[in-house]
Amino acid sequence: MDSDLADQPCLACSSDDDPLPPEVYLGYLEHLDTDKWNVIDYHHLHGTYTFPDFKTALSFSNSIGLLAEEEWHHPDIHLSWGKVEVDVWTHKIDGLHKTDFVFAAKVDRIYAVLSKN
């Protein structure tokens, strides 16, 4: 995981921006935990995180929600017993933007901190 990516702000894009092509987003994907994240249909990031119980998965989901409000970048979060799935893309351009990878790196960082406890 590239800590520099997680340290960057989630910047809003313009509706004039194009979604990132694979030759660009694959470079950003390399900075994420690729055991957790992959790109689906060239359109969005999908991350899957596992936990020993529901309570920890819920805490992680709540932390992602707080991050989403802070960064004003809102993923789809799917919570189930021992698992959280996260889908991220930039709705304004209906595809991937650098900010999606920044957000995903921040989610990886939350998971790393939570996993240590």
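The notes below deal with the structure included here. (Residues numbered from 1 in each chain as written. Predicted model: local features only at pLDDT ≥ 70, side-chain atom pairs only at ≥ 80, totals over all residues. Heavy atoms only, no water.)

Quick look at the pattern of salt bridges
No. 1: One pass over the full model with this rule turns up three salt bridges.
No. 2: Salt-bridge contacts for Asp7 lead to Arg109; the nearest nitrogen and oxygen are separated by 2.9 Å. Here the residue Asp7 occupies a position in helix α1 (residues 3-7), and Arg109 occupies one in helix α4 (residues 98-116), the gap between them amounting to 102 residues.
No. 3: Residue Arg109 is classed as partly exposed on the basis of its relative accessible area of 31%. (Salt bridge = Lys/Arg side-chain N within 4 Å of Asp/Glu carboxyl O. Helix = DSSP H or I, 4+ residues; strand = E, 2+ residues; numbered from the N terminus. Buried < 20%, exposed > 50% of the residue type's maximum accessible area, 1.4 Å probe, protein only.)

Comments concerning the environment of Gly47
No. 1: Assignment of secondary structure puts Gly47 in strand β2 (residues 44-50).
No. 2: Residues within four places of Gly47 in sequence aside, it is in contact with Lys36, Trp37, Val84, Glu85 and Val86. (Contact = heavy atoms within 4.5 Å.)

What about the packing of aromatic side chains?
No. 1: Summed over the entire model, instances satisfying the criterion amount to eight aromatic pairs.
No. 2: Seen from their ring centres, Tyr49 and Tyr111 are 4.9 Å apart, and the 50° between their planes marks the pair as tilted. Here Tyr49 is found in strand β2, whereas its partner Tyr111 is found in helix α4, with 62 residues between them in sequence.
No. 3: For Tyr49, a relative accessible area of 0% puts it in the buried group.
No. 4: Through pairs of rings, three or more aromatic residues link up here, namely Trp37, Tyr49, Phe51, Phe60 and Tyr111. (Phe/Tyr/Trp six-rings, centres within 6.5 Å; stacked < 30°, edge-to-face > 60°.)

Remarks on unusual backbone geometry
No. 1: If you check the backbone angles, Asp41 has positive phi at about 50° while not being a glycine.
No. 2: Tracing the chain through its elements places Asp41 in the loop between β1 (37-40) and β2.
No. 3: We classify Asp41 as exposed; its relative accessible area is 64%.
No. 4: Within the chain, Trp72 stands out as a residue other than glycine whose phi angle is a positive 55°.
No. 5: Tracing the backbone through its elements, the reader meets Trp72 in the loop between α3 (54-71) and β3 (76-80).
No. 6: Under the relative-accessibility criterion, Trp72 is labelled exposed at 65%.

What to know about α4
No. 1: Given a rise of 1.5 Å per residue, 19 residues ought to cover 27 Å, and the 28 Å separating the end C-alpha atoms of α4 matches this to within 8%.
No. 2: Taken together, the buried positions of α4 are Thr99, Asp100, Phe101, Val102, Phe103, Ala104, Ala105, Lys106, Val107, Asp108, Ile110 and Tyr111. (Expected span 1.5 Å × (residues − 1).)

Observations regarding the environment of Asp87
No. 1: By the element assignment, Asp87 lies in strand β4 (residues 83-88).
No. 2: Assessed through its relative accessible area of 12%, Asp87 is described here as buried.
No. 3: Distance in space between the C-alpha atoms of Asp87 and Gln8 is 19 Å, their sequence separation being 79 residues.
No. 4: Once residues within four sequence positions are removed from consideration, Asp87 is found in contact with His44, Leu45, His46, Pro75, Asp76 and His78.
No. 5: Of the polar contacts made by the side chain of Asp87, one reaches the side chain of His46; its length is 2.5 Å. (Polar contact = N/O pair within 3.5 Å; in protein donor to acceptor, adjacent residues only side chain to side chain.)

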